[in-house]
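For reference, the chains in residue letters:
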Amino acid sequence: AGETLTEKENREAIFFYSAVIVTIATLYIVHSRLKTNRRFSAAGISIPLLFAFYILGLTGQVYFTNLNSHQTFDQTKWEQLERKPFKMAKTMTKDKVLIGLTKKQVIDKLGVTKDTFANENIDCIKYWTDKGTWELRLYFKYDNVTESYLYEEGMGN
């Protein structure tokens, strides 16, 4: 019941663009009502417009924060912290910096973690980030990273 950061950001982008479309459509309707001298109708439609502006502000803030979260990797800072910097982890996954690295290269770069899981089907390393319950997950196939993403566990039943 969890989700990756990409899934969450895509959902937030949909909310943002939906709010933009609703706001523009409502502004167009209010404008057309005012041009035809239907002021009371325009005033009635303006009330939901205030709600649309509020939603647009909230979703826009989240959307643009997600777009502007680049942080260059600093190995010294990374190694000093038990919970790893979220923005660094996000930048590494978005830029696919870790894809193709061997397990030894990953450990040399990111350090050792207690959170590993391996069986005949899966070989995974996790690094916990400093942003709530988000974790950087790295999956290996034939000793090379094939997937890297940020994941947040959900509330399961």
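Residues numbered from 1 in each chain as written. Predicted model: local features only at pLDDT ≥ 70, side-chain atom pairs only at ≥ 80, totals over all residues. Heavy atoms only, no water.

Trainee: In this structure, what is going on with the pattern of salt bridges? I would like to understand it.
Mentor: It is possible for side chains bearing opposite charge to pair when their charged atoms get close. Within this structure, the stated rule accounts for eight salt bridges. Notably, a salt bridge pairs lysine 104 with aspartate 108, separated by 3.0 Å at the nearest N-O pair. You can see lysine 104 and its partner aspartate 108 sitting in helix H5 (residues 103–110), four residues apart, about one turn around the helix. Its relative accessible area of 46% is what places aspartate 108 among the partly exposed residues. (Salt bridge = Lys/Arg side-chain N within 4 Å of Asp/Glu carboxyl O. Helix = DSSP H or I, 4+ residues; strand = E, 2+ residues; numbered from the N terminus. Buried < 20%, exposed > 50% of the residue type's maximum accessible area, 1.4 Å probe, protein only.)

Trainee: Explain unusual backbone geometry here, please?
Mentor: The phi angle of most residues is negative, glycine excepted, and most peptide bonds adopt the trans form. With phi around 60°, asparagine 37 is a residue other than glycine that occupies positive phi space. Summarising the element assignment, asparagine 37 is placed in the loop between helix H1 (5–35) and helix H2 (39–67). Positive phi is not limited to glycine here, since tyrosine 142 has a value of about 55°.

Trainee: How should the environment of isoleucine 99 be read in this particular structure?
Mentor: Relative to the elements of secondary structure, isoleucine 99 occurs in the loop between helix H4 (86–94) and H5. Using a relative accessible area of 36% as the deciding quantity, one classes isoleucine 99 as partly exposed. In sequence terms isoleucine 99 and glutamate 3 are 96 residues apart; their C-alpha atoms lie 20 Å from each other.

Trainee: Is there a simple way to explain the sheet that holds strand E4 (residues 134–141) in this structure?
Mentor: Either a parallel or an antiparallel arrangement is found when strands of a sheet pair, and the pairing is made through backbone hydrogen bonds. Spatially, the five strands line up as an open sheet ordered E1-E5-E4-E3-E2, and their pairing is antiparallel. Edge strands, defined here as strands with exactly one partner in the open sheet, are strand E1 (3–4) and strand E2 (116–118). Where E4 lies against strand E5 (residues 144–152), eight bridges are found, and the strand directions are antiparallel. Residue pairing across strands places arginine 137 opposite tyrosine 149, the latter belonging to E5. Lying on the sheet, H5 is in contact with strand E3 (123–128), E4 and E5; it crosses E4 at an angle near 155°. (Pairing = 2+ DSSP bridges. Contact = heavy atoms within 4.5 Å. Axes fitted to C-alpha atoms, helices over the stretch in contact; angles between N-to-C directions.)

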